Each structure stands twice: as C-alpha cells, then as structure tokens.
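Here's the letter readout for the chains.
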Amino acid sequence: MSIINKEVRRVEIDVHHITRVEGHGNISLKINDGKIEQLLWEVPESPRFFEAMIRGVSWQHVSHIVSRICGICSISHSMASILATEAAFGIQPSKQTQLLRKLLYNAELLESHVLHSMVLVAPDMLGTDSIFPLAETHTDVVLIALRLKKLAYNLAELLAGRKTHPISLVVGGFTKLPDTGELEKMRVKLEHAFVDINTVVEIVRSWKLPNFNRETEYVALKDPVEYAFISGQIASSDTGVTHVENYLEITNEYCVPHSTAKHTRNHRDSYMVGALSRFNLNHKQLHPRARKTAEELGLVAPCYNPFMITVAQVVEIVHALEDSMDIIDQLLKRGIEPEVVEEGKIPFRAGRGVGAVEAPRGILFHDYTYDADGKIKKANCVIPTNQNHANIQKDMEALVPLIMDRGGDVIRHILEILVRAYDPCISCSTH
Amino acid sequence: MAFNLVPGNEEGVKPSFIIRRKDLDSVVDGLVKDMRVFGVKSRHGKFVYDRINNSGELRLDFDITVMPPSRILLPAKEVLLQFELGTSKQPQPVLESEPFAIIGVHPYDLHAIELIDEAFMATNPDPHYIARRHNAFIIGVDNLNPSLRSFALDMGTHRAEKGFDLLLTDLGDEDYLITVGTEKGMALLKQYNHIRRASAGEVARRNQLLKEAEARYKLHLAISRELIPQLLEDNYENPFWRTRSEACLSCGSCVMVCPTCFCYDVLDEVQLNLKEGARIRQWDGCVLVDFARVASGENFRHDKASRFRHRINRKGRYVQERYGKLGCVGCGRCSIACLAEIASPLEAFNALAEAEKKKPLTGIKLEIRDFEGLHIPQMAQLIRVQQLTPNEKLFDFRFIDGHQLGHQPGQFVEVHVMGIGEAPISVASSPSRGEVFQLGVRSLGNVTTAMHNLKEGAIVGIRGPFGKGFPIPSIEGKDVLMMAGGIGLFPMRSLVQYILDHRRLFGRVILLYGCRSAEARILKDELADWARDPNLELLETIDKSCEGWNGHVGVITTLLPEVKMDITNAVAVVVGPPVLYKVALNELKNMGFKDEQIIVSLERRMKCGVGKCGHCQIEGIYVCQEGPVFTLSQLQKVKEAL
Amino acid sequence: MKPRVAFFEFTSCEGCQLDSLNIEAEILDLLKAVDIVAFREVKSGSSEDYDIAFVEGSITRESEIARLKEIRERAKILVALGACACLGGVNCLKNSLPMEEALKIVYGRDARYYDTIPARPLHDVVRVDHYVRGCPINTDELLKVIKALLLNKRPEIPNYAVCVECKMANNVCVYERGMTCLGPITRAGCGAICITSGRYCVGCRGLVYEANLESQKDILKKYGLTAEQISEKLNIYDSCAGVKR
C-alpha cells in the first residue's frame, strides 16, 4: 500500500446502512499514516433467493413473484420477466401491447427518477437530511416532487392497475385496457406537468456537483429506432453490440465475501449501467427537448463523471414525458383494440428465453428455462445495481486519494453522495 | 312518498305507446345529455349496470345482471353526514340532489325496489334514500329471456304492473311497446314526437309474449309460495341448516348480489388533519362473520349454520312478516354467485318442503316514527363523569339546547363520538329526574373507550331514544322482583329510580343484584343508599368470596330462596349478560312466574337504531324496534333469542 | 406532543415503505400530525426514541432477530407493514428448500460466505400490535391505521372476504371468466383491485377469519385445478406456517 498523503494521519469512516438509498449498504474507510488500509463498499443486504424460489413455479405466477424483487422498479422486473417467458414460449406481443408497455415503462421511469433526484439526492444539495424539513422551508418543491410522483402513479394505474407490483401486465399483453377518454385526460395532465418539470430542471441546474471524472466501460441497451428502454440489444462502449441472449458474455457475475450481491465485469475491472451509460451510448436518439435540457444542464457525451448520473436522469424525465405524449397520440390515432389476454389460451412449452430491459437504474436481465409443463427449471437474474457495485468500488478507490485531506466528515459526505448518485437499488441487486 | 301514478282506464289498462328501436335510441341519447344514465352493459360476456354515454352501449336483451339496480338506489358507500371534530356544530346531512335514470330494470327487480321503498320510506323514513329515490327515473324492461337460474315465475315477479316510470317490451321487428307508469314517465314521452298510441292488438301481444316466456322458466317451487313462511318456521331446528352450510365460505357474495338485501354498516372516517369527518354507510350482510358480534366479543350468530339459516329465513319469512312484501324475488343471482352452490333459496325451500298447514301471519305492528334526533345526532354536553370501577364510568349529559331526552326507562340512545363512531348505550336514569340524563358505560370497544377519555365539558352527538322500554303500565299496581347482573344494573337503575319516584303506584319492590366480585360492583354509593331505603328491598351477592366482603356469596339465583313473595300479582324483570338468562329464567318459572310475567332486556349489536341496518335481528325481530325489552311470551317462538 | 414515528425494514423489497410516500396533499397534514424520526430510505439521521414503529419485511437472518426485538422494546406500538411483515410474504417460498440448497443454487461454490434461515413473519418473533396487510399495502389503509392511532381507536379493518369488495366494485366474478381466484378466503381491504384490473386474487392479504379452506379447495378442484396446482396457488402467500390472524 503506498503512501498517498503523509499529512493525513488517521481517518476512520464507518457508514452503517447508508440512508437515502434503496436497501442496505455500508461504506468503510480506514486511513492510517497516509495509507489507505481499507476502503470497502459492502452490501450486507439479506438475500431472498428468488432464483432458487421460482424453480418449479408455473409460468402464470412467475412475473407476479419476481415483481417483488423490487418495490421501485417492479414494472421493470415484471416486464423483463414477461419478455423472457414470451421469448421461451415463442410469443410475439402485438404492436398495441408494445406501445402500452413503453408507456407503462415511462411511468416507472418518471416516478423513479423524480424520487431519486428530488427526494433522495436533493436534500444533500440543499443541506438538509430529508425532504421533511423542506416541507416547511421549500413547500413548493416538495409538492412538485409529490405531484410528479402521483402523476406517474396515476399513469401506471391507468395501464396496469397499480404502480408497485403491476397487475394487468402479463405474458401476452394486458388483462385490462384503458379507454380513449382516459388516455385523452392523461395526455392533458402530462402536458401540464411540464410546468413542474421545468422547475425541476431549474433546481438541478442550480446544484453544485463534484467534478470527478473516471472513464469506465458503459453498458446499455441499444435500439436501431429509438432511445432504448424495453427493446434492442446490448451495447458496450468498449466491446460493441452483443445479442441479448448472450448476455452472460458481458455480465460474468462473481461473488465477493463482503457483498451478498454479486459483482460483474466485462472488458475492464468494472462497468457502469444506468442513465449515464444510456446517455453516453444513445444520446443522439433522445427527444430534441431532452437533448436541449442536457445542454442547459451542462451534460455532454461522453461524460465520465458519476455525479452526473442524476442529471442524466433528469434529461430522461423530459424524454419520457415527451415520449409518453407521442405514444398516447399514436394510440388515439389507432384506436384501442379490444385484445384482452386470456390466460388459458397462452401456449406454454419447454424452452429458454432471456428478457432484457433498461430499468431506471440500468440494464436488467431475466433468463428462464421452462419444462414442458410450463414450470421454471432454472432461472438467473442480473440486476442493474449488482452490475454497478464493482464500479462504485473502483470510483471510491480513485476518489478517496483526491479528497483524503479534507477531514473525516467531508470525506464521508462525498462518499455518501457518490453512492447516492448511482441511485442504487440494493435489495434488488441482492434479490 | 307519493309517486304520481297514472291511473289505468276502466279495464285497468295503462296508456301504452309504440316506439321504433332507433327512436328509442334517440330518447336514450337525449336523456344522456340531461342527466346521469345507468343502463345495462355487456362486460366479460355478462351484464352489469353502469353509466352509459350513448344508446349504443345499452343492452336490453340481457337475461340477468351481476348486481341488481336496487344497489344504485343504495350505493355501496355513501356519505350520510359531515361533521367537524371538537366543535358543537350540528352535523350536516349529505343528500343526493341530481336526477338520474336507470334503464333496463326487469320486473323482479321492480318488485324488489318496492320492498326497499317500504323499508326505507315508510317507518323511520331515511332522508338519504328518499332524496335519491325521488331523483330516480326508472325505465323497466320486460324479461322475455329469463336466466336459467331464475324462479321469478313461481315467485310471481315475472311481470310487474307498477314501480316504473316507463316499461319497455320488445315486440320484435324493431318495435317496442312502452307502458306508462307515472306522470313523470308521461312527461318524458311528451318531449318526443316519434311515438304513437299502441293498438289493443299490440297491448295484447305483450301479454302473449309474457305468456310464452313463462315456458322458459326451468326452476320451480315444490310448494306454493304462500306456504314458505310456515315451512321455515316449522323447520327451524332442522339439521338441514348445518349440513347445507358446511361448504359455506361466508364470503358474502349471496347477500351482496341480492336485490332485496339492504343491511348496512355505519362508520366514521376522518381527514388526517383530524378536523373534518364524515359518517359513511356501506353494505353489510348477515352471512358475514362479524355481523352479530358485539364489543365484548360475544357473537350471537357465530357459526355458519346459524347465519345461513337466518338468511334463508329472512328471505322467506321475516321480511314478509314485517313489510308485507316478498323477501326473495326469485332472480337467481345468489345461486349464480355462490361458488359453494348452496345459496339458492329455491333449493332450500324445496329441500324442506313437506305437508303444509296454513297459518295466519303474526303481523308485527309497525309504528311510523319520525322526529329530529332519529337520524341526525343532537349535540349534548358532558356535565359530570364519575369513575365507578376501573372499567365503568357514569356520565351525566345534557342537550345543549336544553331539551329533555323524553325517554322511557329501558330505552337506549346511540352515542356519537365524532371520528370514532357510534355505540348504543342504555339510559341509566329515570325520565323523572330532569333534563340531565345519565349513561353507564363499560370501556370495551372503540367508542366506549373514547367515551372514557372524555373530559367534562366535552360534546357528543346523541340519537334516540330508541326501542321499547320497560312496560310501566303492566308493572304498575304489582309487586316487582328485579334481578340485575353485572352492568345490567345500569339500565335497571332507570326503572328503579322511576319506581322510587312514583312509589305509591307499586307494591313490594325487591332488587337482587349479582356481580362477579366485590370490586366489580358498580354504583356502590347508590347501592348503599338503596340498602338503607325502606321503600326498596335490596339483596346482593357476589359469585366468589373475597376479602372484605361480608355479604352473600353465590350466583344470583342463590338469592331467590330468600325471596318469599306472592307470585299471583307480581312481575319479574331480568337484565344482565346472556348467561344470567340461561340460569335465572328457569328458576323464576319454578317459582311460578308465567311467561307473560317475566320481562327481560336483550343485548344485540345495534348500529342504526331505526330497524334498517339489520345487525340486531333476532330472527324476524329487530331488537332496536321491538325490544330491547321483551316479555317472555313475546319470545316463546323465537328460539334464537335466549 | 406529536407521536414519534419510525419506519424500519428487514428483508423486503421496500415497496411498502415507498408506497407510504404515495400521498400528495396529505403529506403536510401528516407531518403536522406526527414526527417522523427515522426512515432510512428517505431520511438521514435517525433516532432510537420513537412511539410507533412501522416495520416492513420478514426475518430471514439471525442478525435480524436481535434488531427486531430491540425495536419492539423501544416502541410503544409496533405495526407490521406489508405481507412480508404480516405473513412472511413471497420470502417464504424459499422455505420449501433446505437452506443449504438455496444458498448453493444462487451462490454456487461461494455459498460459504453467506447465511440465511427460513423466512418468517414478525409475529413469530415479537408481539405485533397492528397489521397493515397487502403486497404492497393499500396506502389508504395505512392512513386509516395512522388516523386510528392518533384518535386512540382500534382501526376498523375488514374482517370479511375480498368477494364483498369485488361486488361493491361491480366486477364480474373471476370464476365466470375461465380463471380461479382466492378472493373467498382472503381478507378484504384492497378494494378487490386485482380483479378490477382483470386478474385474480392470489391471497396477498392473508386468510380471512376462520377461512373455510376445505371448501375453497373443493371449489378449485371443481373448476379444474389439480391438487398440485391448488397447492401452488395457496402457497404463494401462505407458505409460512403459523399464520396467526
């Protein structure tokens, strides 16, 4: 271990169960006589063994169960699960289903990114410990955040019955469809939401984020036609495009003793997934309004500053809103086909399928092998955040030497906001 | 409750018209512009009532709907009152004020609505139902395509000649016959040009079509429907109830879909700011587990068999006896909805069918009552609180506007603690004691516990007084033997005080009081006074001996041998927990008391106080109306009572 | 003095806590009525001095048992939040396997680094005062419980089956649509949302009081399910033995 900064005698940081992230993570740092003796991003989250528990489960119940991997990105999990099952059974969803799924996905993205930027990160930027005191000092901001979250919930409810653990989203399509009147009303609400979104952009523009750059490998879905969320193949900034079915070539999961969540690596020691990866790889496909927002916020591709992940999310919020209005326009033009899914008519069979979506936090894989009775024989899930854990570790290792002399409190604070910037979904990553 | 009916001509035939289907569609589209319209729509291959936006959505060829149209008149949840916590402001009733239409009501449902009208508009008229009913425009439709589960023919509900504003009959060939039922219906038709008078032949065609439809009813009663009430009464103890209900899930589907069911629950809801609140009424049902459960945990119909028996008896007997209208209209919805396939009243009646004998209906005399304080709580202030035991308190209340409660001893009130709910409490003081009335309360459930937390000066709402009190005229001039157990002394106290205030009107007055233990004795000071009072003979006992108690030990019946009295001109009054009745009544009969000389006060779960929500039913009796005070002769045939 | 409220989570997806924040205008009233002193997902800094603890998640590790007991010691009132806390939830599905096998399936050769015990609901470890059921919870029901606690009142939670609410919602019965449903034996309070959304009830709110399981199984058999299928259906949320309510 080399001496980095003789002036720094001794620093000890022990963040137990970092706050304002989903799930349980610890940061521990020991500096002695200028040397970093220990720097660890630990994940002590209790494993739930989803990949083991769904063995033997019938296909009708699978997406319901794996939805419970995560409370924030349950729609992404349900969707990846359904895509995997549809791939295994050879089912091709209709165009209307694809449009509705994209719209539903946007609802989750909107809620997740608003939650992250305005509820989890904003307090750090405003010097408080949570949004609760802001309810008195910055009531408008708090109400905006809650209003946008509520809008996202309402959009998800319109399409899937419920946002957390969606109901009508199933293999083959939807069990209930919105009517055109409801879609029209929703479109109006989405349009009005831009008033609030603009305020959010202004708020984020005022933030002073640390300027820390570390180039890494960036991985995300890439689609030939649009900014990829629930379609496309795997793209890496280093190794090019890989077919979704061959995801294992990219993920290469391995265990570390201090983390119940696995780590991954591809070309380098670690790679990043999430909004910044998506931006770096696909920014040209963003809606013009979103690209303009990126400019206003100083986000330029390629960006190697993990603290800018939140900014990339805000850009995606703008994109998702515009995209949602486009999708609704398309649906209204086509009219709603009464194609409600009948469970008894789904043709199940033995086979393997992989589903990949860009969850709000990054690329997500569900890989199922079914037997002839339509029950799961084998399952594997690779979660966005477990693909980020190694990258978080590497970022910390690069960052600490640069801030070693700032004193324990400042170092702890910066490390915390680094972790928060990734918007980690830790219980998800452990599953 | 007058609906201005259109009289028939000399032969009783109502004015009839013919309309083409496409013109009917225009009428419907016109209605949709003017008001909310509920019609029959197709959903998942079945039929439901729902808001319709245009005539294209309306289906008049349905066999049966999932939920009956009576449930539009009595919605699943409605706000009855709005109030402000912590103030003395009178709660405000919330009443429906906008007109609406229901299109597509089959005859059996029209009959059912007549029952609901009778139940909600005649006795203790319900202002919420009345407002909604008067705003309803009902367009019926003849049922030429009965459901396979329907036995409406045998129930006599396969056709209806009243209960609608307009009635449609599909004559075929895109022609509909419209029969006018009310002036309101006539007024609507006058707005449209494309109708013409129906010919006698066309009116006759309706009757012919209805006759032809009769052959399509596949299910039939094994006995004539007039004999059903007696059949049920005779078979009260039949093991059929237990065996049939084994598979019952108590899921509630049968009562929810029933057009003649109207039992409800009443709850308080509040806003998070704990300032504004509302009283909500929502559907309930006698087959649900907690329907007859009281705060102490006692459940008067705790098993599936008794609940199942009650429901069938209500459908086939109690409703008929009380309202003179059918309790079951034979629609078949419950047998469609019941997954365990046990719900059909037809199947129950047929299973019990046997040789019948005619019996005149007992006919419970209905009293028409309506006064302020029946439905809307009147504000009263808590003047004084006395802690009697760790769990019991005595509350003194006075109405803010100074009016007297005007109750009879033995009646009860519904106490409303805003935001928490309402609870029935017997009045523990005599009406001869002025404008302050007293309530004795044991802290058990939400409301009584909240009452125990009230400070003097607090405001509550009081509805009532409800029920039949002690029959003073039949006690006057007689010797009175009162037996009170536990907190039964609270309601008994109203009678004791009354008697002491009018002492000359009564003979010997004996009070027996039994309690679990010395600590559990309530009203200790009063008992001490009564022990010294020469106008009253008091004997006390506690169940188990304990330190410091020098009095009698043993259950209350062990005091009876010490009572030497002439029974011929005496009455016995018994008030206490269910176990008291089980032991005391036999002993009293052994002493020579006849059923008409024994008076009891029964407890049941009471909510509305006005004989509608259904929770306090003992067989066909509503405890809040015919009780809580009964003579044993009234209860002779009522096996569920004790 | 405002009641001090804390949120905790054990093994869970944190969806129930997240949905607790799915309130909009009510947030200001809520913050006026209570002091939220701990809520790790949303707030830094916490306190070990609280009156009411809302606890999400089930217990799946030894280390969680001690922490739960500590929370029970400190809280006057403990509310189980969500199916995992109330019944054990989907976490219990792994209980059908020996723990070593579950570890091996997921972690392979590295299983030795990790530990787990069969999942169980909170009331298997400590006394629970109130339950907010569902997977996820119904936010309205959480607010109802909070209001009841503020008014010192026992919350009025339905003690009847989902069928009641399904009929109130004017739904066509699932059994009439070619599928099967656990509504008749599941506790209401969700508004029958799954049926209204075109699916069926899988029992996430737990069994209704004195559920007639034998009759429900007979009905499922009548509607074409094999014994194995019936078992799978009932076990999604009922795998943890000893469901007390």
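Here the structure is shown first, and the text comes after it.
Residues numbered from 1 in each chain as written. Chains lettered and ligands numbered in written order. Predicted model: local features only at pLDDT ≥ 70, side-chain atom pairs only at ≥ 80, totals over all residues. Heavy atoms only, no water.

Caption draft 1: Local environment of the overall build of chain A. Counting secondary structure elements, chain A contains 14 helices and 14 strands. Here chain A has a C-alpha radius of gyration of 22 Å; the compact-globule value for 431 residues is 22 Å, and the two agree. Across its three principal axes, chain A shows a C-alpha extent of roughly 70 × 50 × 35 Å. The contacts of chain A with a sequence gap of at least 6 include a subset with a gap of at least 24, amounting to 71%. Counting every atom, chain A has about 14800 Å² of accessible surface; 49% of that belongs to carbon and sulfur. Of the charged side chains in chain A, 46 are positive and 53 negative; the average position of the first set lies 1 Å away from that of the second. (Helix = DSSP H or I, 4+ residues; strand = E, 2+ residues; numbered from the N terminus. Rg over C-alpha atoms; globule rule 2.2 N^0.38 Å. Contact = heavy atoms within 4.5 Å. Areas by Shrake-Rupley, 256 points an atom, 1.4 Å probe, with all protein chains shown as cover. Lys, Arg positive; Asp, Glu negative; His and termini not counted. Charge placed at Lys NZ, Arg CZ, Asp CG, Glu CD.)

Caption draft 2: Geometry of the overall build of chain B. Within chain B one finds 20 helices and 27 strands. Against the compact-globule benchmark of 26 Å for 642 residues, chain B has a radius of gyration of 28 Å, which places it among compact chains. Along the first, second and third principal axes, the C-alpha atoms of chain B reach 90 × 60 × 45 Å. Looking at chain B residue by residue over its 642 residues, the buried ones come to 61%. Sequence separation of at least 24 residues holds for 74% of the intrachain contacts in chain B that already meet a minimum separation of 6. (Buried < 20%, exposed > 50% of the residue type's maximum accessible area, 1.4 Å probe, protein only.)

Caption draft 3: The interface of chain C and chain A, seen in detail. Contacts between the two partners involve 58 residues from chain C and, on the opposite side, 67 residues from chain A. Buried surface at the junction of chain C and chain A, both sides included, amounts to about 5600 Å², of which 61% is carbon and sulfur. Between the two partners, chain C and chain A, sit three salt bridges. Here Glu343(A) and Arg199(C) are joined by a salt bridge, their closest N and O atoms 3.1 Å apart. Where chain C touches chain A, the interface holds 27 residue pairs in polar contact (both at pLDDT 80 or more). Of the residues contributing to the side of chain C that touches chain A, the split by class is 30 nonpolar, 12 polar and 16 charged. (Buried area = accessible area lost by both parts, 1.4 Å probe. Salt bridge = Lys/Arg side-chain N within 4 Å of Asp/Glu carboxyl O. Polar contact = N/O pair within 3.5 Å; in protein donor to acceptor, adjacent residues only side chain to side chain. Nonpolar A, V, L, I, M, F, W, Y, C, P; charged D, E, K, R; others polar.)

Caption draft 4: Structural detail: the arrangement of the chains. There are two pairs of chains in contact here; the most contacts are made by chains A and C. At the level of C-alpha atoms, the two units chain A and chain B stay apart, their nearest approach being 10 Å.

Caption draft 5: Here's a closer look at the packing of helix 9 (residues 213–222) of chain C against helix 10 (residues 227–238) of chain C. Residues and elements named next belong to chain C. Where helix 9 contacts helix 10, the two axes come as close as 10 Å, and the packing angle between them is 130°. Relative to helix 10, the element helix 9 is oriented oblique. As helix 9 packs across helix 10, the resulting crossing turns out to be right-handed. Side by side, helix 9 and helix 10 meet where Leu213, Lys217, Leu220 and Lys221 of the first sit next to Ile230, Lys233 and Leu234 of the second. Looking at side-chain class alone, the contact of helix 9 with helix 10 contains four nonpolar, no polar and three charged residues. (Axes fitted to C-alpha atoms, helices over the stretch in contact; angles between N-to-C directions. Parallel < 35°, antiparallel > 145°, perpendicular 65-115°, else oblique. Left-handed = near helix turned anticlockwise from the far one by under 90°.)

Caption draft 6: Spatial organisation of the pattern of salt bridges. Tallied over the full model, the rule gives 88 salt bridges over all chains. Lys394(A) serves as the salt-bridge partner of Glu397(A), at 3.4 Å between the closest nitrogen and oxygen. Remark: Lys394(A) and Glu397(A) occur in helix 12 (residues 384–403); sequence separation between them is three residues, near one turn of the helix. Taking the relative accessible area as the measure of exposure, Glu397(A) reaches 35% and is therefore partly exposed. Its relative accessible area of 26% is what places Lys394(A) among the partly exposed residues. Salt-bridge contacts for Arg61(C) lead to Asp115(C); the nearest nitrogen and oxygen are separated by 3.6 Å. Here Asp115(C) lies in the loop between helix 5 (99–107) and strand 5 (130–132) and Arg61(C) lies in the loop between strand 3 (52–56) and helix 3 (62–74), a separation of 54 residues in the sequence. In this structure Asp115(C) comes out as partly exposed when scored by relative accessible area, which is 39%. Members of the salt-bridge network, linked through shared partners, are Arg20(A), Asp124(A), Asp409(A), Arg412(A), Glu416(A) and Arg420(A).

Caption draft 7: Expanded view of the side chain of Thr179(B). On the secondary structure map, Thr179(B) appears in strand 9 (residues 175–180). The residues touching Thr179(B), leaving out its near neighbours within four places in the chain, are Lys14(B), Pro15(B), Ser16(B), Phe164(B), Asp165(B), Leu166(B), Leu167(B) and Arg206(B).

Caption draft 8: Up close: helix 2 (residues 26–33) of chain C. Those residues of helix 2 of chain C that sit buried are Ile27(C), Leu30(C), Leu31(C) and Ala33(C). Along the long axis of helix 2 of chain C, the arc covered by the buried residues comes to 160°, so they all point the same way. Looking at the buried residues of helix 2 of chain C, the elements they touch are helix 5 (131–137) and helix 6 (139–160) of chain A together with strand 2 (35–39) and helix 6 (139–150) of chain C. (Arc of directions from axis to C-beta.)

Caption draft 9: Representation of the sheet that holds strand 2 (residues 36–43) of chain B. Residues and elements named next belong to chain B. With respect to topology, eight strands assemble into an open sheet ordered 3-2-6-7-8-9-1-10, the strand pairing being mixed. What marks the edges here is a single partner per strand, and that holds for strand 3 (46–51) and strand 10 (195–197). Here the average twist between neighbouring strands, direction ignored, is 25°. Sheet topology places strand 7 (residues 136–141) next to strand 8 (residues 166–172); three bridges connect them, and they run parallel. Looking at the pairing, Gly140 lines up with Leu167 of strand 8. The strands that helix 1 (residues 21–34) touches are strand 1 (16–20), strand 2, strand 6 (100–105), strand 7, strand 8 and strand 9; relative to strand 1, the one it contacts most, it runs at about 95°. (Pairing = 2+ DSSP bridges.)

Caption draft 10: Highlighting the side chain of Ser494(B). All names here are of chain B. Here Ser494 is to be found in helix 16 (residues 489–501). Among the polar contacts listed, one links the side chain of Ser494 to the backbone nitrogen of Gly410, at a separation of 3.3 Å. Once you skip the residues sitting within four places of it in the chain, Ser494 turns out to touch Pro409, Gly410, Val427, Ala428, Ser429, Ser430 and Phe470.

Caption draft 11: Main features of the state of the cysteines. All names here are of chain B. Counting across every chain of the model gives zero disulfides over all chains. Here Cys248 stays free of any disulfide, with the sulfur of Cys254 as its closest cysteine sulfur at 6.7 Å. The closest cysteine sulfur to the non-disulfide-bonded Cys546 is located on Cys515, 11 Å from its own sulfur. Note on Cys546: relative accessible area 26%, which makes it partly exposed. (Disulfide = S-S within 2.5 Å.)

Caption draft 12: Spatial organisation of the packing of helix 3 (residues 107–122) of chain B against helix 4 (residues 127–134) of chain B. All names here are of chain B. Put simply, helix 3 and helix 4 touch, their axes get as near as 9 Å, and they point 140° apart. One way to sum up the angle between helix 3 and helix 4 is to call them oblique. Along this stretch, helix 3 crosses helix 4, giving a crossing that reads as left-handed. Counted together, Ile113, Ile116, Asp117, Phe120 and Met121 of helix 3 and Tyr129, Ile130, Arg133 and His134 of helix 4 form the full contact between these two elements. Here the contact of helix 3 with helix 4 is composed, by residue class, of six nonpolar, one polar and two charged.

Caption draft 13: Looking closely at the sheet that holds strand 3 of chain C. Residues and elements named next belong to chain C. With parallel pairing, five strands are arranged side by side in an open sheet as 2-1-3-4-5. Both edges of this open sheet fall to strand 2 and strand 5, since each of them pairs with a single strand only. Each strand axis lies, on average, 20° off the axis of its neighbour in the sheet, ignoring direction. Packing of helix 6 onto the sheet brings it into contact with strand 3, strand 4 (77–81) and strand 5, and relative to strand 5 it is tilted by some 155°.

Caption draft 14: Inspection of the environment of Arg317(B) at higher detail. By secondary structure assignment, the location of Arg317(B) is in helix 11 (residues 304–323). Discounting residues that sit within four places of it in the chain, Arg317(B) has contacts with Pro229(B), Leu232(B), Glu233(B), Tyr236(B) and Glu619(B).

Caption draft 15: Region of the structure containing the pairing of strand 6 (residues 217–222) of chain A. Residues and elements named next belong to chain A. Most of strand 6 sits inside the fold, with five of its six residues counted as buried. Strand direction decides the pairing type here: strand 6 and strand 11 (residues 271–272), joined by two bridges, are parallel. Each bridged residue has a counterpart across the sheet, and for Tyr218 the counterpart in strand 11 is Met272. Sheet topology note: the strand 6/strand 7 (residues 233–236) ladder contains four bridges and is antiparallel. Residue pairing for strand 7: Ala220 is matched across the bridge by Ala235.

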